[in-house]
Amino acid sequence: MNIPKLKIGNITSNIPIVQGGMGVRVSLSSLAAAVANEGGIGTISSIGLGDITAHKNEYEKISREALIREIRKAKNMTKGNIAINVMEVLSNSEDLIRTAVKEGIKMIVIGAGLPLKLPAIVEDNSVNLVPIVSSGRAAGIILRVWDRRYGRTADGFILEGPLAGGHLGFSNEQLDQIDDYSLEKLLPDVLSAIKSYEEKYDKKIPVIVGGGIFDGKDIARMLSLGASGVQMGTRFVCTVECDVSHEFKQAYLEASEDDIVIIKSPVGMPGRAIKNKFLKNMENNGKLKIKCPYRCLTACKVDKAKYCIAKALLNSCEGDVDNGLIFCGQNAHRINKKVSVKELFSELCAELKAA
Ligand SMILES: Cc1cc2nc3c(=O)[nH]c(=O)nc-3n(C[C@H](O)[C@H](O)[C@H](O)COP(=O)(O)O)c2cc1C
């Protein structure tokens, strides 16, 4: 099979693979640029770039400057496609989006909440708006509101299924019936939710699916079901270029299937992570002192939280995995070696062609 290109608005990517944004400094310029250089779309995560001990203005300034630095670094390393990832529930999401647009980013991927006001923040139609959803219903709500309020439609959707890493857009009850929410079952709902808007706006709204995509065979299967591309996170963690610590990557390489668990994040959403010393301590009624001068997440229940999720992710990102949270996708245990992004793309493309 010839590998189809992925078109998102005015962006064309030669390989239909989007590297998922991975927050708190896992996917920064090094990984994103390497992916873009192989013909995929590389995503810089704008999440957790601030100093969690800083107060509002200072936090926002540090965050903004760090994002600018990462975008400029990436642009120096590649002429390929770079997106930024942001969470709707971040207190400074609007500032980060405006910053990215000013720096010339042409694709904003936004999850963790319904980004109903996004077209008001990004008025420039040449910037592609790509919400992350976990159901056709959520896609339908976004499309309806954007159409009515702004006369604009989405340039694409990321459909993230329940096998993904990080925070998940499913309840614990849904995760107990995981087979009912497979990408294979969710994709037709999203395709049907976008259909009338594709007709009205006379444009294709590509759906990119993510969560548990591991090899070229998985990619081929998703394309055959109507997806325009895939988003992959976990497989990019154990690449040489991934910006996270060696210890974080090593935790993936050593994890068995049983080590991968669903946690209740202090943000109130379920998430998937590796069960390590930190999580065991927290399970045994551990509670850490939280200093939170800024409140980086609007949804965080600071008074009830057992730990600061930003601090826990930062610890593991910097190598202190015994005191940190290690987000991962369900298939992390299948990774058994560290490779370069180039090697990973060669492997995936060969498998995709053969499938
Ligand atoms: C370590 C890690 C951190 C992540 N952080 C974020 C994030 O900050 N924002 C987001 O939208 N998705 C995040 N994700 C989800 C990825 O962008 C991607 O959609 C998902 O990992 C795809 O599933 P896969 O890991 O099975 O390939 C994260 C995933 C991982 C593994």
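With that settled, consider the overall build of the chain. Looking only at helices and strands, the chain has 13 helices and 13 strands in total. Whereas a compact globule of 355 residues would reach a radius of gyration of roughly 20 Å, the chain reaches 19 Å, a difference of no more than 12%. Residue pairs in contact within the chain that sit at least 24 positions apart in sequence constitute 68% of those at least 6 positions apart.

Our focus in this paragraph is unusual backbone geometry. Backbone geometry places Val 24, a non-glycine residue, at a positive phi of 55°. Mapping Val 24 onto the fold places it in the loop between strand E3 (17-19) and helix H1 (29-37). Given 25 C-beta atoms within 10 Å, Val 24 falls into the buried group. Even without being a glycine, Ala 112 presents a positive backbone phi close to 55°. One can find Ala 112 in the loop between strand E6 (107-111) and helix H4 (118-121).

This part takes up the packing of helix H2 (residues 56-77) against helix H3 (residues 93-102). Closest axis-to-axis distance for the H2/H3 pair is 10 Å, and the angle between their directions is 30°. One finds that H2 runs roughly parallel with respect to H3. Between H2 and H3 lies a crossing whose hand is right-handed. Across the interface between the two elements, Glu 60, Ser 63, Arg 64, Leu 67, Ile 68 and Ile 71 from H2 touch Asp 95, Leu 96, Thr 99 and Ala 100 from H3. The residue makeup of the contact of H2 with H3, split by class, is 5 nonpolar, 2 polar and 3 charged.

On to the site of the ligand. In the region of the ligand, 28 residues are neighbours, and Gly 20, Gly 23, Gly 165, Gly 233 and Gly 329 sit closest. Looking at the shell around the ligand, the elements with two or more residues in it are strand E5 (81-87) and strand E11 (229-232). By residue class, the composition of the shell around the ligand is 11 nonpolar, 16 polar and 1 charged.

The strands that make up a sheet are held in pairs by hydrogen bonds between backbone atoms, and each pair lies either parallel or antiparallel. Strand order across the open sheet formed by 3 strands is E9-E13-E12, with antiparallel pairing between neighbours. Each edge of the open sheet is held by one strand with a lone partner, namely strand E9 (166-167) and strand E12 (260-264). Looking at chain direction, E12 and strand E13 (residues 270-274) are connected through 5 bridges and run antiparallel. Across the sheet, the residue bridging to Ile 260 is Ile 274, located in E13.

Looking now at the packing of helix H5 (residues 136-150) against helix H7 (residues 183-201). Look at H5 against H7: their axes get within 8 Å of each other, and the N-to-C directions meet at 15°. In terms of their interaxial angle, H5 and H7 are classed as roughly parallel. Read as a crossing pair, H5 and H7 show a hand that is right-handed. In this structure, H5 contributes Gly 136, Ala 139, Gly 140, Leu 143 and Asp 147 to the contact, and H7 contributes Asp 189, Val 190, Ser 192, Ala 193, Ile 194 and Tyr 197. Here the residues of the contact of H5 with H7 are counted per class, giving 6 nonpolar, 3 polar and 2 charged.

Listed in full, the buried residues belonging to helix H10 (residues 246-254) are Phe 248, Ala 251 and Tyr 252. One face of H10 carries all of its buried residues, which in axial projection span an arc of 100°. Pointing more than 90 degrees away from the buried face of H10 are the exposed residues His 246 and Glu 254. Buried residues along H10 sit against helix H9 (234-237), E13 and helix H12 (309-317).

Checked against the element boundaries, Trp 146 lands in helix H5. Trp 146 gets classed as buried once you count the C-beta atoms within 10 Å, which come to 22. Between the C-alpha atom of Trp 146 and that of Asp 215, which follows or precedes it by 69 residues, the distance is 35 Å.

End to end, H7 covers 26 Å across 19 residues, agreeing with the expected 27 Å (1.5 Å per residue, within 8%). Of all the bends in H7, the greatest measures close to 35° and is centred on Ile 194. Of all the residues in H7, the buried ones are Leu 183, Leu 186, Val 190, Ala 193 and Ile 194. Downstream of H7 by one or two residues, Asp 202 has phi in the positive range, about 50°.

Turning to the domain arrangement of the chain, a few remarks are in order. Many authors give the size of an interface as the accessible area that is lost as the parts come together. According to the domain assignment, the chain contains domain 1 (6-243 + 335-354) and domain 2 (246-323). Placing the centre of domain 1 and that of domain 2 at their C-alpha centroids yields a distance of 22 Å. Taken together, the contact pairs 28 residues of domain 1 with 24 residues of domain 2. Sorting the residues of the side of domain 1 that touches domain 2 by element identifies H2, E9 and helix H6 (172-176) as the ones contributing at least two each. Taken together, the residues of the side of domain 1 that touches domain 2 break down into 14 nonpolar, 11 polar and 3 charged.

The next subject is the nonpolar core. Here is a general trend for soluble globular proteins: nonpolar side chains tend to be buried in one another's company. If you look at the biggest cluster of nonpolar residues, it comprises 109 residues, and the most contacted ones within it are Ile 108 and Phe 157. Among the elements that take part in this core, H1 stands out by supplying 6 residues, more than any other. Two domains each provide a minimum of three residues to this core, namely domain 1 (6-243 + 335-354) and domain 2 (246-323). Leave out the neighbours within four places in its chain, and Ile 108 touches Ile 84, Val 86, Ile 97, Ala 100, Val 122, Val 127, Leu 129 and Val 130.

Conventions and cut-offs
Residues numbered from 1 in each chain as written. Predicted model: local features only at pLDDT ≥ 70, side-chain atom pairs only at ≥ 80, totals over all residues. Helix = DSSP H or I, 4+ residues; strand = E, 2+ residues; numbered from the N terminus. Rg over C-alpha atoms; globule rule 2.2 N^0.38 Å. Contact = placed C-beta atoms within 7 Å. Buried ≥ 20, exposed ≤ 12 C-beta atoms within 10 Å, placed from the backbone. Axes fitted to C-alpha atoms, helices over the stretch in contact; angles between N-to-C directions. Parallel < 35°, antiparallel > 145°, perpendicular 65-115°, else oblique. Left-handed = near helix turned anticlockwise from the far one by under 90°. Nonpolar A, V, L, I, M, F, W, Y, C, P; charged D, E, K, R; others polar. Near = placed C-beta within 6 Å. Pairing = 2+ DSSP bridges. Arc of directions from axis to C-beta. Expected span 1.5 Å × (residues − 1). Bend = angle between axes of the 7 residues up to and from the residue. Domains from an automatic or database assignment. Core = buried A, V, L, I, M, F, W, Y, C linked by C-beta atoms within 7 Å.

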